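The primary structure of each chain is shown beneath.
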Amino acid sequence: KRWFAVIGNPISHSFSPTMHETWLKQLDIDASYIPIHVEQNNLEKAVESLKLLGCSGWNVTVPFKEDIIPFLDEIDDSARGIGAVNTVVKTLDNKYVGFNTDGLGFVESLGSILPEQNILLIGAGGAARGIAHAFNSLGYTQLTIANRTLEKAKVLVEELQTGQALTLEEAENTLDTFDIVVQTTSLGMKTSEASLPIQLNRLKENAIVADIVYNPLVTPFLEEAKKNNVRTINGLGMLVHQGALAFSYWNGTKPDTDGMIQQLIEQIG
Ligand code: ATR
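Residues numbered from 1 in each chain as written. Predicted model: local features only at pLDDT ≥ 70, side-chain atom pairs only at ≥ 80, totals over all residues.

Explain the overall build of the protein chain to me, and be specific about the residues and the numbers.
Per the secondary structure count, the protein chain includes 10 helices and 12 strands. Summarising its shape, the C-alpha atoms of the protein chain cover approximately 55 × 40 × 35 Å along the three principal directions. Of the contacts formed within the protein chain by residues at least 6 apart in sequence, a portion of 63% connects residues at least 24 apart. (Helix = DSSP H or I, 4+ residues; strand = E, 2+ residues; numbered from the N terminus. Contact = placed C-beta atoms within 7 Å.)

Here's what the structure looks like:
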């Protein structure tokens, strides 16, 4: 029987096992998916063990997304640019290939968007990097990265060879030029209004505002956006779509994402 896993530390909070087990059952695929807690200094041994025990593919979560790279046979373009892997696929010739579906999953969670739309990413950390590379690889080049530390935004723009870097203040003052605004900083999880990375007073009419955080489902940033009657998107779509992409790499078929988002809303609710 084929089996899949997710490795991380901590791992008990992960929604991936519920998600993948549900999809495997729905699609009548005879396989299972298990969470594995790995100690910091045991990553190499854990990867060797997964290979030895015939794991068909696994997800990688914090804190191993970068560190796992040397233990894999090949790295796909989606992971190379970002320097982080969240999905490992065992190929037919027994090679272990690293992919990154986080950023691509995020872009899919937005639904249909146009290549010429102006996109503002707030933050320049690991999450922002993944999303910026995904947008870029899909041909969305009107990218602006705004960050508290401007230098980090500049580094990312240079790496992408497209787009522009702004301070948070500059982004706030030119907010009405952006069609899609994405909050990727760690402020998303805090609950006081003082924790907004930028104020949303100048939000464009019909803008889309997204936050990559899914717990809480409505972050302070999204709450503020909702006051402007714009479409808001929480991080649940990213979680589900990154999982769905991994699932399709392993099983050759796409699972039901909308139903899974509903199921998780009820669970997190
Ligand atoms: P992740 O991997 O989740 O993206 P990270 O790499 O630590 O986490 O990045 C955190 C992001 O949140 C950075 O863009 C950080 O800004 P700096 O580069 O200036 O540190 C941003 N961030 C964290 N705390 C912030 C705050 N109080 N105000 C504004 N931005 C903040």
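So much for the structure itself; the text now carries on.
An account of the packing of helix α9 (residues 236–251) against helix α10 (residues 257–268) is requested, with residue identities and associated values reported.
Packed helix pairs are specified by the crossing angle of their axes together with the interaxial distance, meaning the distance between the axes. At a minimum axis distance of 10 Å, the contact between α9 and α10 shows a crossing angle of 130 degrees. Our classification of the angle between α9 and α10 gives oblique. Considering how the two elements wind past one another, α9 and α10 form a crossing that is right-handed. Between α9 and α10, the contacting residues are Leu236, Gly237, Val240, His241 and Ala244 on the first element and Thr257, Met260, Ile261, Leu264 and Ile265 on the second. When the residues that make up the contact of α9 with α10 are grouped by side-chain class, the tally is 7 nonpolar, 3 polar and no charged. (Axes fitted to C-alpha atoms, helices over the stretch in contact; angles between N-to-C directions. Parallel < 35°, antiparallel > 145°, perpendicular 65-115°, else oblique. Left-handed = near helix turned anticlockwise from the far one by under 90°. Nonpolar A, V, L, I, M, F, W, Y, C, P; charged D, E, K, R; others polar.)

Account for the UniProt feature "domain: Shikimate dehydrogenase substrate binding N-terminal" (unreviewed entry) in the protein chain, with residues named and values stated.
As annotated in UniProt, the feature "domain: Shikimate dehydrogenase substrate binding N-terminal" (unreviewed entry) corresponds to residues 6–88 in the numbering used here. The annotated region residues 6–88 carries 30% helix and 22% strand content, and the separation between its end C-alpha atoms amounts to 10 Å. (UniProt positions renumbered as here; feature names shortened; annotations may be inferred.)

Account for the nonpolar core, with residues named and values stated.
Judged by nonpolar contacts, the single largest core of 76 residues is most densely connected at Trp58, Ile119, Leu120, Leu121, Ile131, Ile145 and Val182. Here this core gets 9 residues from one element, more than from any other, and that element is α9. Beyond its immediate stretch of four places on either side in the chain, Leu120 contacts Thr144, Ala146, Ala171, Phe178, Ile180, Val181 and Val182. (Core = buried A, V, L, I, M, F, W, Y, C linked by C-beta atoms within 7 Å. Buried ≥ 20, exposed ≤ 12 C-beta atoms within 10 Å, placed from the backbone.)

So what's going on with the site of the ligand? Residues and values would help.
For the ligand, the set of nearby residues contains 15 residues, the closest of which are Gly125, Gly126, Arg148, Thr149 and Thr185. Take the shell around the ligand: its biggest share by element is 3 residues, from helix α5 (residues 126–137). (Near = placed C-beta within 6 Å.)

So what's going on with the sheet that holds strand β9 (residues 164–166)? Which residues, and what values?
Reading across from one edge, β9-β8-β7-β10-β11-β12 is the order of the 6 strands in this open sheet, with parallel pairing throughout. Two strands close off the open sheet at either side, each with one partner strand: β9 and β12 (231–233). Averaged over all neighbouring strand pairs, the angle between strand axes comes to 20 degrees, with direction disregarded. Taken together, the 3 bridges between strand β8 (residues 143–146) and β9 define a ladder with parallel strand orientation. Bridging from a neighbouring strand, Thr144 pairs with Gln164 of β9. Those strands touched by α5 are β7 (119–122), β8 and β10 (180–183), and its axis lies near 170 degrees from that of β8. (Pairing = 2+ DSSP bridges.)

Outline the packing of helix α4 (residues 102–109) against α5, listing residues and values.
The geometry of α4 relative to α5 is characterised by a closest axis approach of 7 Å and an angle of 65 degrees between their N-to-C directions. Relative to α5, the element α4 is oriented roughly perpendicular. The two elements α4 and α5 cross, and the hand of that crossing is right-handed. Contacts between α4 and α5 pair Asp102, Gly103, Leu104, Phe106 and Val107 from the former with Gly130, Ile131, His133, Ala134 and Phe135 from the latter. Considering only residue class, the contact of α4 with α5 consists of 6 nonpolar, 3 polar and 1 charged.

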